Amino acid sequence: MTKLLTLLRTFPNARIIPSAFYPVGLLWLSASVTLAGDLAPVALPAPRVTSGKPLMQALQDRQTTRELDRRALTDQVLGDLLWAGFGVNRPGNGHRTAPSAMNSQEVDLYVARADGLFVYDAPGHRLSTVTGEDVRGRISGQAFAKEAPVVLVYVANLAKLTKAKPERKSFYAAIDVGCVVQNIYLYCASENLGTVVFDLDRPPLTEVLRLKPDQEIILAQAVGYPLK
Ligand SMILES: Cc1cc2nc3c(=O)[nH]c(=O)nc-3n(C[C@H](O)[C@H](O)[C@H](O)COP(=O)(O)O)c2cc1C
């Protein structure tokens, strides 16, 4: 029994299957099968809120860059990028770096990297794991989606737009994503990163991202160091 408890502590995703077919319960180590959501969140370093170029210079430098190096972003840069995009900038009231209609905060930033797919948990400033699979090649046929070290997919949870009329929800979600997109553009300009916002083929992606019915894919944005 002690050994069993040690095993369960070591593999938190382990499941005991009581079964009439086995003389003793079968310990099933499910970590590699599913349940990526059960994995511990990936903590991100606190954002460096005093770094970067002055705003006017970042605006001067903002541009779309489609040729991106495959070099990975550090956790610090990724954390800063996500915080700039839609992080919590007023912990006292939970408001964010981008506005949202009626403060619905319905936009989730999915982060696709070589080591898996994650969702940015803004209040915790960390990544929750969706899957360990590299899905970048399935997001778009456009080359930068496969090559960029980070591809953000903007997903709106329409169920969070509780105060909006049903026919206006997608409209508000699109506007709210646009605000985040520009924050990411400005952060990239400020840090000499390249970025391109792009449209995508939504229906196949719903399954790839493991979305629920109320979640609507709005746009995507690739980020990486410019090749030139
Ligand atoms: C809603 C939206 C969708 C876009 N979709 C794509 C796309 O699918 N592929 C692409 O290469 N660029 C895409 N872009 C980037 C634009 O082509 C780019 O912003 C435009 O050419 C102006 O260039 P600039 O951003 O350097 O000013 C998109 C931009 C927006 C706002």
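Owing to the predicted nature of the structure, the values given are computational and were not obtained by experimental measurement.

### Here's the deal with the overall build of the protein
Of regular secondary structure, the protein possesses six helices and 11 strands. By the burial criterion, 32% of the 228 residues in the protein qualify as buried. A sequence separation of at least 24 residues applies to 69% of the contacts in the protein between residues at least 6 apart.

### Considering the site of the ligand
What surrounds the ligand is the set Q63, T64, R66, Q142, V196, V197, F198, D199 and L219. Here the shell around the ligand gets three residues from one element, more than from any other, and that element is strand β10 (residues 194-198). Among the residues forming the shell around the ligand, the class breakdown is four nonpolar, three polar and two charged.

### Re the sheet that holds strand β7 (residues 116-121)
Strand order in this open sheet of seven strands is β3-β8-β7-β6-β9-β11-β10, and the pairing throughout is antiparallel. Either end of the sheet is taken by a strand with one partner, and the two such strands are β3 (42-43) and β10. The pairing of strand β9 (residues 150-157) with strand β11 (residues 215-224) spans eight bridges and is antiparallel. What sits directly across from L152, in β11, is Q221. Where helix α5 (residues 169-190) meets the sheet, its contacts fall on β6 (107-113), β9, β10 and β11, and the angle it forms with β11 comes to roughly 10°.

### Description of the nonpolar core
Grouped together as the largest cluster of nonpolar side chains are 52 residues, with contacts concentrated most on V151, L152, V153, Y154 and I184. In contact with V153, other than residues within four places in its own chain, are Y110, A112, I139, L209, I217 and A220.

### Quick word on helix α3 (residues 75-86)
Here α3 is 12 residues long and its end C-alpha atoms lie 16 Å apart, about the 16 Å a rise of 1.5 Å per residue gives. Judged by how many residues are buried, α3 sits mostly within the fold: nine of 12 residues are covered. Of the residues making up α3, those classed as buried are L78, G79, D80, L81, L82, W83, A84, G85 and F86. As for α3, its buried residues are in contact with β5 (95-96), β6, β7, β9, α5 and β11.

### Some thoughts on the confidence of the model for the protein
Of the residues in the protein, 83% reach a pLDDT of 70 or more, and the chain-wide mean stands at 86. The low-confidence segment residues 1-35, where pLDDT is below 50, has 25 contacts with residues more than four positions distant or belonging to other chains.

### A word on the pairing of β7
On a regular strand, each side chain points to the face opposite its neighbour's, so the side chains alternate between the two faces of the sheet. The sheet contact formed by β6 and β7 spans four bridges and is antiparallel. Each residue of the ladder has a partner; that of R113, found in β7, is G116. Between β6 and β7, which pair antiparallel in sequence order, lie two residues. Connecting the antiparallel pair β7 and strand β8 (residues 126-131) is a turn made up of four residues, with H125 showing a positive phi of about 45°.

Procedures and definitions
- Residues numbered from 1 in each chain as written.
- Predicted model: local features only at pLDDT ≥ 70, side-chain atom pairs only at ≥ 80, totals over all residues.
- Helix = DSSP H or I, 4+ residues; strand = E, 2+ residues; numbered from the N terminus.
- Buried ≥ 20, exposed ≤ 12 C-beta atoms within 10 Å, placed from the backbone.
- Contact = placed C-beta atoms within 7 Å.
- Near = placed C-beta within 6 Å.
- Nonpolar A, V, L, I, M, F, W, Y, C, P; charged D, E, K, R; others polar.
- Pairing = 2+ DSSP bridges.
- Axes fitted to C-alpha atoms, helices over the stretch in contact; angles between N-to-C directions.
- Core = buried A, V, L, I, M, F, W, Y, C linked by C-beta atoms within 7 Å.
- Expected span 1.5 Å × (residues − 1).
- pLDDT = per-residue confidence, 0-100.

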